[in-house]
Amino acid sequence: VCVLKAIKNIRNIDKCREIYEFTIQSHLWDILLANTFIDTFSKCGDLSMAERIFNDAQKKDVITWSAMI
């Protein structure tokens, strides 16, 4: 999560995608990561990926909805 926050601040979409792929392959997924990826992808300019993660999320909380909005 901390790495994603740093990536978001420097707007490095390639690193965000790299970490996303690693996370998926490693089965390290939870709601906190989903929320952070939604926020990071949207702030890096990839709204379609943020929407895809949002739509695929099995659990959604207030933070999930706020990140997507």
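Let us look at the structure shown here.

Bringing unusual backbone geometry into the picture now. A positive phi angle, near 55°, is found at His27, a position not held by glycine. Mapped onto the secondary structure, His27 falls in the loop between helix H2 (13-26) and helix H3 (31-43).

Further remarks concern H3. The end-to-end C-alpha distance of H3 is 18 Å, a good match for the 18 Å that 13 residues give at a rise of 1.5 Å each. All of the buried residues in H3 are Leu33, Ala34, Asn35, Thr36, Phe37, Ile38, Asp39, Thr40 and Phe41. The N-cap of H3, judged by a side-chain oxygen 3.3 Å from the amide nitrogen of Leu32 a few residues on, is Asp30. In the segment just after H3, Gly45 is the residue with positive phi, at about 100°.

Moving on, we come to the packing of aromatic side chains. Aromatic rings in a pair are described by how distant their centres are and how their planes are angled relative to each other. Applying the stated criterion across every chain yields a total of six aromatic pairs. Taken together, a centroid distance of 5.8 Å and an interplanar angle of 85° make the contact between Tyr20 and Trp29 edge-to-face. Judged by its relative accessible area of 8%, Tyr20 falls in the buried class. When the ring of Phe54 is compared with that of Trp65, the centres are 4.9 Å apart and the planes differ by 80°; the resulting orientation is edge-to-face. Here Phe54 is found in helix H4 (residues 47-56), whereas its partner Trp65 is found in helix H5 (residues 62-68), with 11 residues between them in sequence. On the basis of relative accessibility, which here comes to 8%, the residue Phe54 falls in the buried class.

This part covers the nonpolar core. Core analysis: the biggest nonpolar cluster contains 16 residues, and Leu4, Cys16, Tyr20, Phe37, Ile38, Phe41 and Ile53 have the highest contact counts within it. Secondary structure elements with two or more residues in this core: helix H1 (2-10), H2, H3 and H4. For this core, the element with the highest residue contribution is H3, accounting for five residues. Setting aside its immediate chain neighbours within four residues, Tyr20 contacts Trp29, Phe37, Phe41, Met49, Arg52 and Ile53.

On to the pattern of salt bridges. Counting across every chain of the model gives four salt bridges. Glu18 serves as the salt-bridge partner of Lys15, at 3.5 Å between the closest nitrogen and oxygen. Here the residue Lys15 and the residue Glu18 both occupy positions in helix H2, the gap between them amounting to three residues, near one helical turn. The partly exposed category is assigned to Lys15, whose relative accessible area is 39%. In this structure, a network of salt bridges that share partners links the residues Asp14, Arg17 and Asp46.

What counts as what
- Residues numbered from 1 in each chain as written.
- Predicted model: local features only at pLDDT ≥ 70, side-chain atom pairs only at ≥ 80, totals over all residues.
- Heavy atoms only, no water.
- Helix = DSSP H or I, 4+ residues; strand = E, 2+ residues; numbered from the N terminus.
- Expected span 1.5 Å × (residues − 1).
- Buried < 20%, exposed > 50% of the residue type's maximum accessible area, 1.4 Å probe, protein only.
- Polar contact = N/O pair within 3.5 Å; in protein donor to acceptor, adjacent residues only side chain to side chain.
- Phe/Tyr/Trp six-rings, centres within 6.5 Å; stacked < 30°, edge-to-face > 60°.
- Core = buried A, V, L, I, M, F, W, Y, C linked by side-chain atoms within 4.5 Å.
- Contact = heavy atoms within 4.5 Å.
- Salt bridge = Lys/Arg side-chain N within 4 Å of Asp/Glu carboxyl O.

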